[in-house]
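# An overview of the molecular structure
Here is how the chains run, residue by residue.
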Amino acid sequence: MDSSVNREQLIPVQTLEADSASLASPMLRSNPMIWEGEAQADGVFVGLSNDADPLAILSAAPVALPTVPRLPEDFVASARLRVWFETLRNGLERQIAGTSGGSERFDLNGLNAVDQQAVREVLGEGEVSGSVTLDGVDLTLEEALLPGVWRVTGGGAEWVEVGSVPEAVIIAADSLEPAPFAVPAGTDDAAVAAWGPSIMNAPAVLHEVSERAAACAAEPSVDGALNHVINFTLLPMSDSDERMLLDVLGRAALSLRSGGFGDCRVMATRYRHVWAVQFVNAMGNPVLDTLEIGAVPQSICAQQTDFEDALERLDDLLEAYLQ
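Summary of the structure given here. (Residues numbered from 1 in each chain as written. Predicted model: local features only at pLDDT ≥ 70, side-chain atom pairs only at ≥ 80, totals over all residues. Heavy atoms only, no water.)

## Let's talk about the pattern of salt bridges
Going by this rule: Salt bridges are defined as contacts in which a side-chain nitrogen from Lys or Arg sits within 4 Å of a carboxyl oxygen from Asp or Glu. Any residue under 20% of the maximum accessible area for its type is buried, any over 50% is exposed, and the rest in between are partly exposed; the area is computed with a 1.4 Å probe on protein chains only. Helix numbers and strand numbers start at the N terminus; a helix is a DSSP run of H or I with at least 4 residues, a strand a run of E with at least 2.
Here the structure, examined in full by the defined rule, presents eight salt bridges. For Arg-105, the salt bridge identified is with Asp-107, shortest N-O distance 2.9 Å. By relative accessible area, which is 48% here, Arg-105 ends up partly exposed. Across the pair Arg-120 and Glu-158 runs a salt bridge whose closest N-O atoms are separated by 2.9 Å. Of this pair, Arg-120 sits in helix α3 (residues 113–123) while Glu-158 sits in strand β7 (residues 157–162), and the two are 38 residues apart along the sequence. The partly exposed category is assigned to Arg-120, whose relative accessible area is 22%.

Shown next as structure tokens:
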């Protein structure tokens, strides 16, 4: 018995109907395991962007980070800088012990320019960044190399916070409009028809969002893992549905981005407890597009293990910089 098997028997070549506008005859797929004509997924709230600034895709103002000089080779840490880092270390210990009562703020006002630069260099820049407008002041948020340690700048001020997220995020999120909110009526309603003839799931989704967000207001949760998630990747949404969701829910001046291999983009809508969360791959294409109803999404929050890791890293950095 002949045991040899040719390639065509293992992976048969697929013949596809040609596009009459471009080809006059059927074509062969070069790789039958790859669908070469597949359209890339797009997001409902957070779409694709060619802008080089990752925050521009979240409708946030571009962030121009200043070029900061390195510390001089003969740098010697001052006694005040050593005390500042010791207080920061104590703050991490309180977060680990659960005795902090929330995020803690550590001002840089008492440090001179060289010591402030030392703080920036030791802390570095991590994977989470974002922006928020609070009381008319635009704030830039940047997580340090130490997870759960944040640098906050804006309004001529700069400080460091230790917490799951900066306090400004919590305050801004709590200041958004409360649910329930008005939802356009059924597909026969004139108000719904204004978004186009292909409305399918948007009214039902908005009813669900309104009810869930109102329930969160009655029984608030501090754990983003308990958030209710609506997955648009698995839910058919027409262009009219997307326009309706965007118009009704809107966008707030609060957005965050977590980097790494791919990105997680989090944006607050105009309603309290309602967040647009999107995960994209390394090519910038959405792989998971959702609405989360509940607390600040866990994807951008520091967890207990993060604080423990941050404390260990901080000790290593202080040994290197302040020995």
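More follows now that the structure is in view.
## Some points on unusual backbone geometry
Here the bond from Ala-179 into Pro-180 is cis, since omega is 5°, no more than 30 degrees from zero. Mapped onto the fold, Pro-180 is located in the loop between α4 (167–174) and α5 (190–193). Positive phi is not limited to glycine here, since Asp-135 has a value of about 55°. Of the residues examined, Asp-135 reaches a relative accessible area of 76% and is grouped as exposed. Here His-273, not a glycine, exhibits a phi torsion of approximately 75°, which is positive. Its location among the elements puts His-273 in the loop between β10 (263–268) and β11 (274–280).

## Notes on the sheet that holds strand β3 (residues 104–107)
Applicable threshold: Strands are treated as partners if at least two bridges between them are detected by DSSP. Every axis corresponds to a line fitted to the C-alpha atoms, with the helix fit spanning only the stretch in contact, and the corresponding angles, defined between N-to-C directions, vary from 0 to 180 degrees.
Pairing is antiparallel across the open sheet formed by 10 strands, whose spatial order is β3-β7-β6-β5-β4-β9-β10-β11-β12-β8. Two strands close off the open sheet at either side, each with one partner strand: β3 and β8 (228–231). Adjacent strand axes in the sheet meet at a mean angle of 20° when their direction is disregarded. Across six bridges, β10 lies against β11 in antiparallel orientation. The partner of Ala-268 across the bridge, within β11, is Trp-275.

## Some words on the environment of Leu-246
If you trace the backbone, Leu-246 turns up in helix α7 (residues 239–249). For Leu-246, a relative accessible area of 25% corresponds to the partly exposed category. Distance in space between the C-alpha atoms of Leu-246 and Ala-202 is 10.0 Å, their sequence separation being 44 residues.

## Quick look at helix α6 (residues 202–218)
Keep this limit in mind: Here the expected length of a helix is defined as 1.5 Å per residue gap, with one fewer gap than residues. Note: the arc covers the axis-to-C-beta directions of the helix. Working rule for contacts: check all heavy atoms of both residues, and any pair within 4.5 Å makes them a contact.
Spanning 17 residues, α6 covers 24 Å between terminal C-alpha atoms, matching the ideal 24 Å at 1.5 Å per step. Along α6, the residues that are buried comprise Ala-202, Pro-203, Val-205, Leu-206, Val-209, Ser-210, Ala-213 and Cys-216. With its buried residues spanning 155° around the axis, α6 presents them on a single face. Seen from the buried face of α6, the exposed residues on the opposite side, beyond 90 degrees, are Glu-211 and Ala-218. Looking at the buried side of α6, the elements it contacts are β8, α7, β11 and β12 (286–293).

Keep in mind that these numbers describe shape and distance, not what the molecule does.
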